[in-house]
Structures are given as C-alpha cells and as structure tokens.
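Architecture at a glance
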Amino acid sequence: MEIDRDFVPRITLSDGSTIPQIGFGTLAVQPDRKSSDANAETTANIVSQALEAGYRHIDTAQSYGTERGVGRAIAASGIARDELFITSKLANDNHAPDDVRRSVNQTLNNLGLDQLDLFLIHWPLPTLYGGDYASTWATLTELVAEGRLRSAGVSNFQPAHLDRIVAETGITPVVNQFELHPYFANDEACEASRRHGIAVEAHSPLGHNRAPLTDDTIGQVAAAHGKSTAQVILRWHMQHGHIAIPKSTRPQRMHENIAVFDFELTPDQMASIDALNRGPTGRVGPNPDTYEG
Ligand code: A2P
C-alpha cells in the first residue's frame, strides 16, 4: 500500500518545530552496535527501505552505532533536507560538557548533516557523574543557541529529573522519549512531561519483547477493524497524542506500521487497551532511576 507521507500528522513542539508523529526506530537493526562499514551498509539498506515506505522521521543514537548508516541512506535518498526529521541521542559515556560538544560534532559528521533536528540525552544516569545531568542538559541548550541542534530534549527522564533540569536552567526539553506501550503506560513520566509542556515520545511502542502483539484484547480490536495488532497498538499511541518510533527490519511491517491513519479506535476500544496497563511490572527495559549504561 502506498502511503501519502503528508498524511502522517506532525506534532508541534514547544519551540515551534514540528515532528512527524510516527518515526522509524533504528535500535537493533544491525547485528551489533559497532560503527563498522558492514553495519553502515546494513543500516543504510534498511533505512532506505523505510524512506521508500514513507517514513520521514528517523531515530538513531550514538550508542546504536547506526548513525553512519542513517547518513548514507539520507545521502542516497535525494529527499530534501527540510522534509526529513532526524533524531540522535547522547551516549552514556559522553555526558561531560566537552564530550557532549565533541560527540555532537561526530554525530553530525556521521549523519552528513549541518544541523540535527532533535538531540536527546539518552539516559539521565542519576547515579553517575556526581548526579549532574543538569550541566549536560545546559550544554545541549547551548548547542541549540549555536545552531548545531534545532531542538533539544531528553530520553528516559523521570519526573524528578525533568523538574530539576527545568528549575536549574529555565529551559524545558521539547520531547521526553521513554518506554511506553499498552502494558506499561508510564503514567508518572507522561504526567510530568505534559505538565512541563513536553511532547511524549514512545520508545518500544510495540512492547519491545513483542508481548502486546499477541494480546487477546488487542487482537479482538484488530479483528474488528481488519487491521494487525501492531497497527492497533500504534493507532492507540496516535490517539493518545504520543509520538511513536516502531522499528522493523522487514519492509512489509515498515509499511504496515505507518498505515495507521485510515481508521479510528472507539472510546471503548481505547479504554479496553488502557486497561491492559500493568504499572511498573509492565516495564521491559531498564529503570532510569538506577540504570548506569
Ligand atoms: P522485526 O524487526 O523482525 O520486524 P519495538 O519497536 O516496540 O521495540 O518493537 C520492535 C519489535 O517488534 C521487533 O522485534 C520487530 O521485529 C517487531 N515488529 C515490528 N513491527 C511489527 C509488526 N508490524 N508486526 C509484528 N512484529 C513487529
């Protein structure tokens, strides 16, 4: 199915930029996280297929080792720069302000870009760097002022982490990207992000371990609409106003995951999926309060 890419809605961020509500995630598209030529070729092929499928928002990270491959796919695509929205994230080794600056230059070089659309602190690491994620955040805001980054945000920030960086710098991230799916609604992170006017972006939107993909309730909703369970989960994200970045290495699924704008879940169907939330036990990935990278 051909998707009109203009059909993917854009969310307006607090600094006035807009981000396509569905992006393409690149975690684990490679066999490992090395930034090798072979891996760059693998990622370039997969991201080229995603661009072909209509994705214009690509999510990478210093730690995924996928930046070079994303850069190759961008260069080969011929797509106008202003049609693309590229996000990367700061590796856990690079939180010291000098390392932020050096690594952002490397990221831009890897991607072949002069400016990144969005750059996130990947993890708050509150138990490392003397607990000082605020200086790291302050450095990102300087890079926005200098034009290296168009927008700056955070990832995996808990309410206390958000409160602190806003209090210390007076500058609010535009996005908080964190684990969020039907089995883990992450209410606290959602509420705190919204309270600060920060857009909520779901990583692992399908559950990462794929468990929600075989859920009976979601399966029934999917059958009622003649859609796949993945499409119903992504539609649930869209109707909640989340940005979501599903990953797939398979072109058929890339197409499927972006084709979620021609049907609508009823309030009862939304509520039945909301009710699947397992609270903290639904979390699949690391807990940001204790994660040390
Ligand atoms: P694959 O890359 O083989 O398609 P998340 O984005 O939540 O981390 O989920 C990604 C996982 O879900 C990957 O294992 C991916 O596998 C799988 N996946 C992605 N899209 C679909 C889909 N439409 N149907 C089933 N599984 C999917």
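Our subject is the structure listed above.
These lines cover the structure that appears in this document, whether it is placed above or below. (Residues numbered from 1 in each chain as written. Predicted model: local features only at pLDDT ≥ 70, side-chain atom pairs only at ≥ 80, totals over all residues. Heavy atoms only, no water.)

Along the chain, H161 falls in helix α5 (residues 159-169). H161 has contacts with P124, P126, Y133, N156, P288 and D289, leaving out every residue within four places of it along the chain. (Helix = DSSP H or I, 4+ residues; strand = E, 2+ residues; numbered from the N terminus. Contact = heavy atoms within 4.5 Å.)

All right, on to the environment of R195 then. For R195, the position within the fold is in helix α6 (residues 187-195). Overall, R195 belongs to the partly exposed group, its relative accessible area being 46%. C-alpha of R195 to C-alpha of P286: the two residues are 91 residues apart in sequence and 24 Å apart in space. (Buried < 20%, exposed > 50% of the residue type's maximum accessible area, 1.4 Å probe, protein only.)

Glancing now at a positive patch on the surface. Together, R210, K247, R250 and R253 make up a positively charged patch on the protein surface. With respect to the helices and strands, the residue R250 is situated in the loop between β10 (243-244) and α9 (251-258). For R250, a relative accessible area of 45% gives the class partly exposed. (Patch = residues over 30% accessible without salt bridge, like charges linked within 9 Å, V, L, I, M, F, W, Y side chains within 5 Å. Areas by Shrake-Rupley, 256 points an atom, 1.4 Å probe, with all protein chains shown as cover. Salt bridge = Lys/Arg side-chain N within 4 Å of Asp/Glu carboxyl O. Lys, Arg positive; Asp, Glu negative; His and termini not counted. Charge placed at Lys NZ, Arg CZ, Asp CG, Glu CD.)

Applying the stated rule across the entire model yields 15 salt bridges. Across the salt bridge formed by R150 and D117, the nearest N and O atoms sit 3.8 Å from each other. Residue R150 is found in strand β7 (residues 149-155), and its partner D117 is found in strand β6 (residues 116-121); the two are separated by 33 residues along the sequence. Note that R195 is salt-bridged to D163, the shortest N-O span being 3.3 Å. Here R195, found in helix α6, pairs with D163, found in helix α5; they are 32 residues apart in sequence, far enough to count as distant.

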